[in-house]
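Descriptive analysis of the structure
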Amino acid sequence: DGGITQSPKYLFRKEGQNVTLSCEQNLNHDAMYWYRQDPGQGLRLIYYSQIVNDFQKGDIAEGYSVSREKKESFPLTVTSAQKNPTAFYLCASSLRDRSYEQYFGPGTRLTVT
Amino acid sequence: AQSVTQPDIHITVSEGASLELRCNYSYGATPYLFWYVQSPGQGLQLLLKYFSGDTLVQGIKGFEAEFKRSQSSFNLRKPSVHWSDAAEYFCAVGAGNQGGKLIFGQGTELSVKP
């Protein structure tokens, strides 16, 4: 079955620690995206990557970092510089020439205390 | 700047009743428009999309949406709601030249009464 996996589903961290969220896809999609979801605010784009070894900042990139070493993988690191890291994080992917047709993973809920 | 507004935060309908969820967008050119559905604690699933052509688009699960340029709207409709349709619904617009960037509305939570 093709799809996007995000792990873990729930993640708990202490304030001041960096944490990395995993996103893997086997859809052979070129582009991958990270969104943050907060109640009542919809989804906001953190970072996106249209090709391996290249990525661009989205609207709320501060306090986050990404890498794209493999086509299938796009991990997101939430650093200690992110002021309000507790949120639901969604990863998505798409074909490069159909970039608006994005397929979403199940999400990771991160809680930082 | 591009934006999407979903005026209704929460809507309750009775099972079997018709449904319309409102979406208004702000965008300079012809927009790419989308509706997604999200069940609690899950990812988003694409319901339907509009790129061009026929302004009435059909999607999965019996949903349809109509693009009205004069009203800058892309409302989602379903003739008869099922209890399994209870979820959160997001309207989104493709942000032109920014490589697949989607701008989402705040979402509308749908509850279905038996």
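These numbers come from a predicted model, not from an experiment.

Across the contact, 22 residues belong to chain B and 22 residues belong to chain A. Carbon and sulfur atoms supply 55% of the area buried between chain B and chain A, which totals about 1,700 Å² over both sides. Scanning the region where chain B abuts chain A turns up two salt bridges. For K49(B), the salt bridge identified is with E101(A), shortest N-O distance 3.7 Å. Between chain B and chain A we count four residue pairs in polar contact (both at pLDDT 80 or more) in total.

Before going further, it helps to examine the pattern of salt bridges. Residue and element names in this part refer to chain A. All chains considered together, the criterion is met by nine salt bridges over all chains. Between D38 and R44 there is a salt bridge, with its nearest N and O atoms 2.8 Å apart. A relative accessible area of 11% places D38 in the buried class. A relative accessible area of 28% means that R44 is categorised as partly exposed. Ionic contacts of the salt-bridge type, sharing partners, join the residues R36, D38 and R44 into one network.

We now examine the state of the cysteines. For the structure shown, the criterion picks out two disulfides over all chains. With a sulfur-sulfur separation of 1.9 Å, C23(A) is cross-linked through a disulfide to C91(A). What sets the handedness of the C23(A) and C91(A) disulfide is the S-S torsion sign, and at about -70 degrees it is left-handed. Placement of the pair is C23(A) in strand β3 (residues 19-25) and C91(A) in strand β9 (residues 87-94), with a sequence separation of 68 residues. Put simply, C23(B) and C91(B) are joined by a disulfide, and their sulfur atoms are 2.0 Å apart. Since a negative S-S torsion denotes a left-handed disulfide, the C23(B)-C91(B) link at about -65 degrees is left-handed. Highlighted residues: C23(B) in the loop between β3 (19-21) and β4 (24-26) and C91(B) in strand β10 (residues 87-94), separated in sequence by 68 residues. Just as C23(B) is buried, C91(B) falls in that class too.

What follows covers the nonpolar core. In a soluble, globular protein the nonpolar side chains are often hidden away together inside. Judged by nonpolar contacts, the single largest core of 28 residues is most densely connected at L19(B), W35(B), L47(B), L48(B), F74(B), L76(B) and Y89(B). Only β2 (10-14), β3, β5 (33-38), β6 (44-50), β8 (64-68), β9 (73-78), β10 and β12 (108-113) of chain B provide two or more residues apiece to this core. Broken down by element, this core gets its largest block of residues, four residues, from β10(B). Ignoring anything within four residues of it in the chain, the contact list for F74(B) reads C23(B), L33(B), F34(B), W35(B), L48(B), Y50(B), V57(B), A65(B), E66(B), F67(B) and C91(B). In terms of nonpolar packing, the next biggest core, distinct from the first, is built from 21 residues, L21(A), A61(A), C91(A) and L110(A) among them.

Conventions adopted
- Residues numbered from 1 in each chain as written.
- Chains lettered and ligands numbered in written order.
- Predicted model: local features only at pLDDT ≥ 70, side-chain atom pairs only at ≥ 80, totals over all residues.
- Heavy atoms only, no water.
- Contact = heavy atoms within 4.5 Å.
- Buried area = accessible area lost by both parts, 1.4 Å probe.
- Salt bridge = Lys/Arg side-chain N within 4 Å of Asp/Glu carboxyl O.
- Polar contact = N/O pair within 3.5 Å; in protein donor to acceptor, adjacent residues only side chain to side chain.
- Buried < 20%, exposed > 50% of the residue type's maximum accessible area, 1.4 Å probe, protein only.
- Disulfide = S-S within 2.5 Å.
- Helix = DSSP H or I, 4+ residues; strand = E, 2+ residues; numbered from the N terminus.
- Core = buried A, V, L, I, M, F, W, Y, C linked by side-chain atoms within 4.5 Å.

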